[in-house]
Amino acid sequence: MPEKLIFEKGAPGRRAYSLPDLDVPEAKLQDLLPREIIADRPLSLPEVSEIELIRHFTNLSRLNYGVDLGFYPLGSCTMKYNPKVNEEAAKTPGLMNAHPLQPEGLSQGALRLLYELEAFLKEIGGVARVSLQPVAGAHGELTGLLVIRAYHEAHGNPRHKVIIPDSAHGTNPASAALAGYEPIVIKSTKEGLVDVEELKKVLDTDCAALMLTNPNTLGLFEKDILEISRLAHDAGVLLYMDGANLNALLGIVRPGDMGFDVVHFNLHKTFSTPHGGGGPGAGPIGVTEKLAPFIPVPTIEKEGDRYSLDHNRPHSIGSVHGFYGNFGILVRAYAYIRRLGAKGLREVSENAVLNANYIKKRLRDHYYILNNVPCMHECVFSAKYQKTKGVHAWDITKRLQDYGFHPPTVNFPLIIDEAIMIEPTETESRETLDAFCDAMIAIAKEAETDPDLVKNAPHTRVVRRLDEAMAVKKPNLRWQK
Ligand SMILES: Cc1ncc(COP(=O)(O)O)c(C=O)c1O
């Protein structure tokens, strides 16, 4: 049964606490608060007992699915397990209670942490400077493009266009448009890679940047990246790397060494911080030397043993968020990097790639695959075979819920019809991968023998198929009598 609203539970006068009567005079509200902010009638609040309250919220929390509960193979999103030691680090009193306005002299530990996190990301990215300020991957994209715009402006012409492959994430063209650029989309090759000949046709001196995701959104490494980088730079075009897929590259190859001028790091996808979910996230950007003057203020500097914030950077694009970003998230990423070290980070990527290839191999006889070559950290199938029975990618992933798994990403990248994009991440065991593949194979058989079973899934969930478009367009968030 779906859980009732808390307003629909309880009874008038029921309370979630009972305390002995006061043995001191009761303070009057009017003596404590300004009269104008005191409500003129009682609020309409739920009236429930403590146990009703506890059960209500415990039941609700159990309707949620998260990576702590089971496998969460959402492609492109890298739903990494967040080790609890990160949380412990973020709870360190000196870090948790630090206030961004406290004097620099009292913030040396926090500033050192930020300075060192920048140093780690510089090393991992092969870049000259990092700004920790942007608070999501998409925010990093916008910040990076504003930096690119500032660079071109400083050279006399901001240019008008940004080139983006048709396999890109939707945030790429959106960020380009927000930064005042016209997105120019280029078609991929039939293998799903950047088509260098197509690229040559559109590269010109009116292009400000070429935005690429590497490995790309099909989980394939752009093998021509050095040639692409040379072609772009010859036209004065800067190379932007959407770093959403950095989990495949840690300690193996660095964006700066591939010729990228700007990269964003989705800390939640690579360094095991919680996903922002519209709340606190982090999407730092790294840039090469020539773009360093333009990154957001403040930057964190070190002189001798002392750390400080530098607001005095005349070419900076300004601030894109309060202070230096979401500190608590940055602490978690720092803890993750320190704990694993260079060797551990490389192993993260090696295992992420190994796990994805394992799934690819086990499922490739059951689901169509565009490019049957080894993948990086994620693999993209198509429900093309199942579609002939009227079963869509969407149905297959809904059916996976009945088997206890979170659905993988569907219908992205857009260039694959009926795409199912699976990203296992590095932390999953062979047993989990096998259980997931067994479920996928069982569903492929069901699609043959009993397509309606799959088309009407899920059968075991509290809610079945929600109208997601309506939920976004007309969210009903308020209880009304
Ligand atoms: C390839 C790619 N680029 C950019 C983004 C945007 O990142 P964020 O969700 O951190 O804003 C995503 C998010 O899933 C992505 O998969």
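Criteria and cut-off values
Residues numbered from 1 in each chain as written. Predicted model: local features only at pLDDT ≥ 70, side-chain atom pairs only at ≥ 80, totals over all residues. Helix = DSSP H or I, 4+ residues; strand = E, 2+ residues; numbered from the N terminus. Contact = placed C-beta atoms within 7 Å. Pairing = 2+ DSSP bridges. Axes fitted to C-alpha atoms, helices over the stretch in contact; angles between N-to-C directions. Near = placed C-beta within 6 Å. Nonpolar A, V, L, I, M, F, W, Y, C, P; charged D, E, K, R; others polar. Parallel < 35°, antiparallel > 145°, perpendicular 65-115°, else oblique. Left-handed = near helix turned anticlockwise from the far one by under 90°. Expected span 1.5 Å × (residues − 1). Buried ≥ 20, exposed ≤ 12 C-beta atoms within 10 Å, placed from the backbone. Domains from an automatic or database assignment. Core = buried A, V, L, I, M, F, W, Y, C linked by C-beta atoms within 7 Å. Arc of directions from axis to C-beta.

J.: Just to check I follow, could you spell out the environment of Tyr367 for this structure?
T.: Relative to the assigned elements, Tyr367 resides in the loop between helix 12 (327-363) and strand 10 (368-369). On a C-alpha basis, the gap between Tyr367 and Ile420 in space is 9.3 Å, while along the polypeptide they are 53 residues apart. Every residue in contact with Tyr367, bar those within four places of it in the chain, is listed here: Phe381, Ser382, Ala383, Tyr385, Ile420 and Ala444.

J.: Would you mind going over the sheet that holds strand 7 (residues 285-287) with me for this structure?
T.: Hydrogen bonds between backbone atoms are what pair the strands of a sheet, whose relative direction is either parallel or antiparallel. Here we have seven strands laid out as an open sheet, ordered 1-7-6-5-4-2-3, and mixed in their pairing. The open sheet has two edge strands with one neighbour each: strand 1 (129-131) and strand 3 (182-186). The average undirected angle you get between the axes of adjacent strands in this sheet is 25°. Packed on one face of the sheet, helix 6 (residues 137-154) meets strand 1, strand 2 (161-165), strand 4 (207-213), strand 5 (238-242), strand 6 (262-264) and strand 7 and runs near 165° to strand 6.

J.: Help me understand the site of the ligand in this model?
T.: Surrounding the ligand, one finds 13 residues, the nearest of these being Ser76, Gly137, Ala138, His169 and Ala244. The residue inventory of the shell around the ligand, partitioned by class, reads four nonpolar, eight polar and one charged.

J.: Please clarify how the packing of helix 6 against helix 7 (residues 171-178) should be interpreted in this entry.
T.: The packing of two helices is summarised by the inter-axis angle and the distance between the axes. As a packed pair, helix 6 and helix 7 sit with axes 9 Å apart at the nearest point and diverge in direction by 40°. Relative to helix 7, the element helix 6 lies oblique. For the crossing formed where helix 6 meets helix 7, the hand is right-handed. Of the residues in helix 7, those in contact with Gly137, Ala138, Glu141, Leu142 and Leu145 of helix 6 are Thr171, Asn172, Ser175, Ala176 and Leu178.

J.: Help me understand unusual backbone geometry in this model?
T.: Residues apart from glycine generally show negative phi values, whereas peptide bonds are mostly found in trans. For the bond running from Phe412 to Pro413, omega is 0°, close enough to zero to count as cis. Residue position: Pro413 is located in the loop between strand 12 (409-410) and strand 13 (419-422). Here the amide bond leading from Ala457 into Pro458 is cis, since omega sits at 0°, within 30 degrees of zero. Even without a glycine there, the phi angle at Phe323 is positive, about 55°. Position of Phe323 among the secondary structure elements: in the loop between strand 9 (306-310) and helix 12.

J.: Whenever I open this one, helix 6 confuses me. Can you help?
T.: A turn of α-helix holds 3.6 residues, and therefore any two residues three or four places apart point the same way. With 18 residues, helix 6 should reach 26 Å at 1.5 Å per residue; the first-to-last C-alpha distance of 26 Å fits that figure. Burial within helix 6 is extensive, with 14 of its 18 residues counted as buried. Taken from the residues just after helix 6, Gly156 is the one with a positive phi, measuring 100°.

J.: Sorry if this is basic, but what is going on with the domain arrangement of the protein here?
T.: You'll often see interface size given as the accessible area lost when the parts meet. Taken domain by domain, the protein holds domain 1 (6-62), domain 2 (84-339) and domain 3 (347-470). Of note, the centres of domain 1 and domain 3, computed from C-alpha atoms alone, are 46 Å apart.

J.: What's the story with the sheet that holds strand 13 in this structure? I'm lost.
T.: Strand order in the open sheet made by the four strands is 10-11-13-12, with antiparallel pairing throughout. Only two strands of the sheet have a single partner each, and these edge strands are strand 10 and strand 12. Sheet topology note: the strand 11 (residues 379-382)/strand 13 ladder contains four bridges and is antiparallel. Residue Val380 lies in a different strand from strand 13, and its bridge partner there is Met421. In this fold helix 14 (residues 393-402) packs onto strand 12 and strand 13, with an angle of close to 40° to the strand it touches most, strand 13.

J.: How do you make sense of the pairing of strand 9 when you look at a structure like this?
T.: On a regular strand, each side chain points to the face opposite its neighbour's, so the side chains alternate between the two faces of the sheet. Sheet topology note: the strand 8 (residues 299-303)/strand 9 ladder contains five bridges and is antiparallel. Within strand 9, the position partnered with Glu301 by the bridge is Ser308. Count of turn residues in the strand 8/strand 9 antiparallel hairpin: two residues, of which Gly304 carries a positive phi of about 60°.

J.: In this structure, what is going on with the environment of Val391? I would like to understand it.
T.: Within the secondary structure, Val391 is located in the loop between helix 13 (384-387) and helix 14. Residue classification places Val391 among the buried positions, given that 25 C-beta atoms sit within 10 Å. Placed 27 residues apart in sequence, Val391 and Glu418 show a C-alpha to C-alpha distance of 9.8 Å. Val391 has contacts with Ala383, Gln386, Ile396, Ala447, Pro451, Val454 and Lys455, leaving out every residue within four places of it along the chain.

J.: Teacher, can you tell me more about the nonpolar core here?
T.: The nonpolar side chains of a soluble globular protein tend to be buried, and buried together. Counting 112 residues, the largest nonpolar core has Val147, Val162, Ala209, Leu210, Tyr240, Val262 and Ala333 as the members making the most contacts within it. When residues in this core are grouped by element, the largest group, 14 residues, is from helix 12. There are two domains that each give this core at least three residues, and those are domain 2 (84-339) and domain 3 (347-470).

J.: What is the right way to look at helix 5 (residues 108-125) in this model?
T.: Helix length check: helix 5, at 18 residues, gives a terminal C-alpha distance of 25 Å against a target of 26 Å (1.5 Å per residue), a fit within 8%. Inspection of helix 5 places Ala110, Leu113, Leu114, Leu117, Glu118, Leu121, Ile124 and Gly125 among the buried residues, and these make up the whole buried set. Within helix 5, the buried residues cover an arc of 135° as seen down the axis, which keeps them to one side. Residues of helix 5 that are exposed and point over 90 degrees away from its buried face: Gly109 and Ala119. Two residues or fewer after helix 5 comes Gly126, characterised by a positive phi angle close to 65°.

J.: Would you mind showing me how to read the packing of helix 5 against helix 12 here?
T.: The N-to-C vectors of helix 5 and helix 12 enclose an angle of 60°; their axes lie 10 Å apart at closest approach. Considering their axes alone, helix 5 and helix 12 lie oblique with respect to each other. Every pair of crossing elements has a handedness; the one defined by helix 5 and helix 12 is left-handed. Contacts between helix 5 and helix 12 involve Ala110, Leu113, Leu114, Glu116, Leu117 and Phe120 from the former and Phe327, Leu330, Val331, Ala333, Tyr334 and Ile337 from the latter. Residue composition of the contact of helix 5 with helix 12, by class: 11 nonpolar, no polar and one charged.

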